[in-house]
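Examination of the molecular architecture
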Amino acid sequence: MAILLHNATLAPMVNGYGLTEDGAVAILDGRIAWVGRMCNLPETLVSLPRHDCGGRLLTPGLIDCHSHIVFGGDRAVEFEMRLNGASYEEVARAGGGILSTVRATRAASEADLLASALARADLMIAGGATTIEVKSGYGLTVADELKMLRVARQIAAHRPLRVVTTHLAAHAIPPEYADRADAYIDEVAIPSLHQAHAAGLIDAVDAFCEGIAFSPAQVERLFRAARALGLPIKLHAEQLSDLKGAAMAAGMGALSADHVEYIAADGVAAMAAAGSVAVILPGAFYTLRETQAPPITAFRAAGVPMAVATDFNPGTAPIASLPLAMNMACTLFRMTPLEALAGTTTHAARALGLTDRGTLAPGQLADLCLWDARHPAELSYRIGATPLHARIFGGRLDA
Ligand code: DI6
Ligand code: FE
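For every chain, the first residue of its written sequence is number 1, and the numbers climb from 1 along that sequence. Ligands are numbered from 1 and chains lettered from A, in the order in which they are written. Whole-chain, interface and lining totals are the exception, using all residues; otherwise, since this is a predicted model, local features are given only for residues with pLDDT of at least 70 and side-chain atom pairs are given and counted only at 80 or more. Note that water and hydrogens are dropped before the side-chain values are worked out from all heavy atoms of the structure.

The subject of this paragraph is the sheet that holds strand β8 (residues 162-170). At least two bridges found by DSSP between two strands is the condition for calling them paired. We count a stretch as a helix when DSSP gives it H or I for four or more residues in a row; a strand needs E for two or more, and each element gets its number in order from the N terminus. The 8 strands are arranged β6-β7-β8-β9-β10-β11-β12-β13 in an open sheet whose pairing can be described as parallel. This sheet does not close on itself; its edge strands, each paired only once, are β6 (62-64) and β13 (306-308). Across this sheet, the average inter-strand angle for adjacent strands is 25 degrees, counted without regard to direction. Direction of pairing for strand β11 (residues 256-259) relative to strand β12 (residues 277-280): parallel, over a ladder of 3 bridges. Across the sheet, the residue bridging to Ser256 is Val277, located in β12. Where helix α6 (residues 181-198) meets the sheet, its contacts fall on β8 and β9 (204-209), and the angle it forms with β8 comes to roughly 160 degrees. An axis is simply a line fitted to the C-alpha atoms; with a helix, the fit covers only the stretch in contact. Between two such axes, the angle follows the N-to-C directions and lies from 0 to 180 degrees. A contact between two residues is defined here by any heavy atoms of the two lying within 4.5 Å.

The structure is reproduced here in structure tokens:
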């Protein structure tokens, strides 16, 4: 399989956008073989079959480095209840909240979970995603966490999408472990981690470090088990309060700390020292009508790479579109369009520990997006309209 994409405006995402007019990308065997201006095309590539991009913008395929798209049920009715004045307690008593998703996920068959996850994956693909990360965390028993991870692993067999799976058993404390979070870590989170790893079901380990979930000490115990297995770690940290989870995770070499609205200067410094990525999740901020923005200026000043992701989940982020998340990151947090696009390409790859994607460069996987746009700022500028013209996945054009 060989193709030459030509007559494109390239944003290779190397040295800023790296904008290149009259650009071309040569693809051989699913990898990028050459990137540059058409006038510099090497003689050996002149005879490749060609696709005329019509002057459109060509970028790396987008990477959604934080999502929870495997789950049962939905929470739209609870959204309406809250807008009709129901309190959080009333919603919970009526069977709503995260535990309603846990119940529905436990009750669902693998086939049903896969069908609904694929519908969500299709929405992510429509936004330009070529790689997505998918977390467990709504099963909260050993068997149900493994079930979720098996479903997540199956997505890539059904769609032109690469999927990275993350173990998130330490997402919430199920009712049967109420007030026994330590026992949950020992009896469910760590055993499910060992079993999922033995079954080849996970690429990384995550946890929710928060007053309503797990303490830094509990997460650290889980992370030690993950590191002993050689698995990378990442953390939902400082979303609602500053428990110093990001610094703890960074100290253990975390790939990323995610949300981080409430992170303080010490956490930013620890992330900078460790090279951890700050994963910015404006969809959850928006849905929760949060008012404390993550410290973008401090991350920028400290050189902490920032990624942008959807956090697609039924409770706090019913959003599938990376371009919309990029728009929100710019408008709500004052990130620049360049930072937003780096956040869904190069820095998102880094947040997943991947070096074979995220830029247009020789040797990278041939996952690209072709946009009905002339300048990359358009991707962040538009609200809710996705100018995706075509995706190239593994060198194959799936327009
Ligand atoms: N932070 C969140 O915002 C979601 N999970 C997390 O760790 C909430 C998930 C849900 O309500 O279903
Ligand atoms: Fe999340």
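What follows is about the environment of Ala199. Note that Ala199 resides in the loop between α6 and β9. Remark: the alpha-carbon pair of Ala199 and Val14, spanning 185 residues in sequence, is separated by 37 Å.

Donor atoms from the polypeptide that bind the iron ion (ligand 2) are His66 (NE2), His68 (NE2), His236 (NE2) and Asp311 (OD), placed at 2.1 to 2.2 Å. Because no water is among the atoms considered, metal sites can look incomplete, with donors defined as N, O and S atoms within 2.8 Å of the metal, or 3.2 Å for Na, K and Ca. The rule is simple: four donors are tetrahedral if all their angles sit between 85 and 135 degrees, four are square planar and six octahedral if opposite donors span more than 155 degrees and the others lie between 65 and 115, and anything that fits none of that is irregular. Seen from the iron ion (ligand 2), its 4 donor atoms lie at angles of 82 to 165 degrees, and the figure they make is irregular. Here the donor residues of the iron ion (ligand 2) are spaced in sequence according to H-x1-H-x167-H-x74-D. Taken together, the residues span a long stretch of sequence, with His68 in the loop between β6 and α1 (76-83) and His236 in strand β10 (residues 234-237) at a distance of 168 residues.

Throughout the structure description, domain borders are defined by an automatic or database domain assignment. For the protein chain, the domain assignment lists domain 1 (2-61 + 360-397) and domain 2 (62-351). Taken together, the contact between domain 1 and domain 2 spans 25 residues of the former and 26 residues of the latter. Together, the buried faces of domain 1 and domain 2 total about 1800 Å²; carbon and sulfur atoms form 65% of this surface. The largest per-residue losses of area from domain 1 upon contact with domain 2 belong to Met13, Ser380 and Arg391, which jointly make up 32% of the total buried on that side. By buried area we mean the combined loss of accessible area, with a 1.4 Å probe, across both parts when two parts are placed together.

We now examine the pairing of β12. Each residue's exposure class comes from its accessible area (1.4 Å probe, protein chains only) as a fraction of the maximum for that residue type: buried when under 20%, exposed when over 50%, partly exposed otherwise. Covered by surrounding structure in β12 are Val277 and Val279 together with Ala278 and Ile280, the residues of both alternating faces. Here is how to tell: hold the view so the strands point away, follow the path from the first strand over the helix to the second, and if it runs clockwise the crossover is right-handed. What joins β11 to β12 is helix α9 (residues 265-274), and the crossover it makes is right-handed. Here 3 bridges tie β12 to β13, and the two strands are oriented parallel to one another. Along β13, the bridge assignment pairs Ile280 with Val308.

Another point: the site of ligand 1. In this text, near means that some heavy atom of the residue lies within 4 Å of the molecule or strand in question. In the region of ligand 1, the neighbouring residues are Arg75, Ile98, Tyr138, His171, Phe208, His236, Gln239, His259, Asn313, Gly315 and Thr316. N or O atoms closer than or at 3.5 Å make up a polar contact, with two conditions inside protein: a donor-capable atom paired with an acceptor-capable one, and, for residues adjacent in sequence, both atoms drawn from side chains. In this structure, an oxygen atom belonging to ligand 1 sits 3.0 Å away from a side-chain N or O atom of Arg75. Contact between ligand 1 and Gln239: a nitrogen atom at 2.9 Å from a side-chain N or O atom of the residue. Surface accessibility in these figures is a Shrake-Rupley result with a 1.4 Å probe; residues are shielded only by whichever protein chains are displayed. With the chains in place, 93% of the 330 Å² that ligand 1 exposes on its own is no longer accessible. Under the scheme applied, nonpolar residues are Ala, Val, Leu, Ile, Met, Phe, Trp, Tyr, Cys and Pro; charged residues are Asp, Glu, Lys and Arg; polar residues are all the others, including Gly. In terms of residue class, the shell around ligand 1 is built from 3 nonpolar, 7 polar and 1 charged.

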